[in-house]
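# Survey of secondary and tertiary structure
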Amino acid sequence: RVSSSLTLPSQMQKVEKEVTISQTNAKWLKDKTKANGLKNEGKALRCCINYAAQTAKIDDIIDSKRALQLHKELPKGVQSNFSLATSQAAWIEKWASEKNLEFSVVVALVLEACKAQTNDVVFKIVRCKTNTSLNNKPLKELCKGGQAAQVALNAGQEAKSTGKGCGCSK
């Protein structure tokens, strides 16, 4: 189990997390990264975490029987390092702790939930990482950069990054 106590001093800070993922999930992340023009697999994973934290119901994601299966499969997986926003890592850690699961198992469950959705639902809706939090606060509106990115995506255009993601420093 990867564990660390994370505080949330700034939603923009990132933390490196070592995650064991299946070969299948590694390939899926790589394919989604390429298909959606993302910078790397870490960005694809961050999109998935934001989708799960902001859209899905946790009880639909965390199934104890499936979690047990995934736990047994961990030794067959590959270890990868991912940069996550502190809020995203804290969200995974919260559910890992509350459900007594390993960090990597919660990540695998999040990926399975995303794989069950269409590409557009997970990757073509701009979700600000500042809305991924440990409590159920109402979602904040997208910043101007996020709004522009969503308009571009809706028009079938590439969402241009300013280098600050959606620019959620508002």
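Below is a short write-up of the structure. Quick caveat, the model's predicted, so the values are computed rather than measured.

## Let's talk about the overall build of the protein
Along its length, the protein carries eight helices and two strands. Overall, the protein shows an N-to-C arrangement of helices and strands of β-α-α-α-α-β-α-α-α-α. Going through the 170 residues of the protein one by one, you find that 44% of them count as buried. Contacts spanning at least 24 positions in sequence make up 78% of the contacts within the protein whose residues lie at least 6 apart. On the protein, roughly 9600 Å² of surface is accessible, and the fraction owed to carbon and sulfur atoms is 49%.

## Here we look at the nonpolar core
Among the nonpolar cores identified, the biggest contains 39 residues, and Ile 61, Trp 91 and Val 110 are the most heavily contacted of them. It is helix 6 (residues 103-115) that provides the largest number of residues to this core, a total of ten residues.

## Points about unusual backbone geometry
Here Asn 100, not a glycine, exhibits a phi torsion of approximately 55°, which is positive. Owing to a relative accessible area of 60%, Asn 100 belongs among the exposed residues under this scheme.

## What to know about the packing of helix 4 (residues 64-73) against helix 6
Where helix 4 contacts helix 6, the two axes come as close as 9 Å, and the packing angle between them is 120°. For the element pair helix 4 / helix 6, the angle class is oblique. For helix 4 against helix 6, the interelement crossing comes out right-handed. On helix 6, the residues touching Arg 66, Ala 67, Leu 70 and His 71 of helix 4 are Val 105, Ala 108, Leu 109 and Glu 112. Grouping the amino acids of the contact of helix 4 with helix 6 by side-chain chemistry returns five nonpolar, one polar and two charged.

## Observations regarding the pattern of salt bridges
Summed over all chains, the structure comprises five salt bridges. Close ionic contact of Lys 99 with Asp 59 constitutes a salt bridge, the shortest N to O distance being 3.9 Å. In this pair, Lys 99 sits in the loop between helix 5 (86-98) and helix 6 while Asp 59 sits in helix 3 (residues 58-61), placing the two residues 40 residues apart along the sequence. Note on Lys 99: relative accessible area 34%, which makes it partly exposed. Residue classification places Asp 59 among the exposed positions, given a relative accessible area of 57%. Here Arg 66 ties to Glu 73 by a salt bridge, and the two come within 4.0 Å at their closest N and O atoms. Its relative accessible area of 23% is what places Arg 66 among the partly exposed residues. Overlapping salt bridges, with partners in common, bring together Arg 66, Glu 73 and Glu 112 in one network.

Criteria and cut-off values
Residues numbered from 1 in each chain as written. Predicted model: local features only at pLDDT ≥ 70, side-chain atom pairs only at ≥ 80, totals over all residues. Heavy atoms only, no water. Helix = DSSP H or I, 4+ residues; strand = E, 2+ residues; numbered from the N terminus. Buried < 20%, exposed > 50% of the residue type's maximum accessible area, 1.4 Å probe, protein only. Contact = heavy atoms within 4.5 Å. Areas by Shrake-Rupley, 256 points an atom, 1.4 Å probe, with all protein chains shown as cover. Core = buried A, V, L, I, M, F, W, Y, C linked by side-chain atoms within 4.5 Å. Axes fitted to C-alpha atoms, helices over the stretch in contact; angles between N-to-C directions. Parallel < 35°, antiparallel > 145°, perpendicular 65-115°, else oblique. Left-handed = near helix turned anticlockwise from the far one by under 90°. Nonpolar A, V, L, I, M, F, W, Y, C, P; charged D, E, K, R; others polar. Salt bridge = Lys/Arg side-chain N within 4 Å of Asp/Glu carboxyl O.

These figures capture arrangement, not role.
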